[in-house]
Amino acid sequence: MGQYHKLINITKKEYVVGYDIGILAKHYEQIGFEGSMADVLYCLMIAQGDDRRGGGDVSGHKLIGHWAGDNVAIVGDYYTEDTDSAFWKNLYDEVETDKHYKNISPSIRSMLRAVYPKLKFKKEYFITKNLDGTEEKTFMWRREWRPYANSTKLKGVA
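These numbers come from a predicted model, not from an experiment. (Residues numbered from 1 in each chain as written. Predicted model: local features only at pLDDT ≥ 70, side-chain atom pairs only at ≥ 80, totals over all residues. Heavy atoms only, no water.)

Draft legend 1. Local environment of the pairing of strand β1 (residues 5-9). Burial analysis of β1 places five of its five residues in the buried class, which makes it a mostly covered element. Judged by which residues are buried, β1 turns out to be covered on both faces: H5, L7 and N9 on one side and K6 and I8 on the other are all buried. Looking at chain direction, β1 and strand β3 (residues 72-76) are connected through five bridges and run antiparallel. Counted as the bridge partner of I8 is A73 from β3. Note: β1 against strand β2 (residues 14-17), four bridges, orientation antiparallel. Residue K6 lies in a different strand from β2, and its bridge partner there is V17. (Buried < 20%, exposed > 50% of the residue type's maximum accessible area, 1.4 Å probe, protein only. Helix = DSSP H or I, 4+ residues; strand = E, 2+ residues; numbered from the N terminus. Pairing = 2+ DSSP bridges.)

See the structure below:
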């Protein structure tokens, strides 16, 4: 099946879930493309924050630089062994139930739209049938790239 991961800020008690920003949760599913979890971490850690100082600087959202200098880690759901560091052990699940932690993924979607204007998110619903016969309606976020999101379409171009 594989190990799933979350991006967790211990200092601010915040976390980001891949599923909530339209990506999956394994390492390789979170890196290597525009708007990846690696991009999210990079934007959150920019020391100058949202203060644009030159061409090519990332700007346009209040969360840019929000985690600069904080204690941050990528923690997997298999980090539960007796030999694992007590500091990180079970943290993957604990952030979901600890009332002091906040899932900032909705704000991260907003930040990603500011950094990548062509990136859009769509909420998709589906029905899960349980073994006991009950059904649950749930959702997931899907990403869409819109090539003309912030530009004017040229005549004759699809």
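Resuming the write-up.
Draft legend 2. Layout of the nonpolar core. If you look at the biggest cluster of nonpolar residues, it comprises 20 residues, and the most contacted ones within it are V16, I21, V40, I108 and L112. For this core, the secondary-structure elements that each account for two or more residues are α1 (37-44), α3 (105-115) and β5 (119-129). Looking at this core, the element that brings in the most residues is α1, giving four residues. With residues near it in sequence (within four places) discarded, V40 still touches L7, I21, I108, M111 and L112. Membership of the second largest hydrophobic core comes to 13 residues, among which are Y15, A25, W88 and L91. (Core = buried A, V, L, I, M, F, W, Y, C linked by side-chain atoms within 4.5 Å. Contact = heavy atoms within 4.5 Å.)

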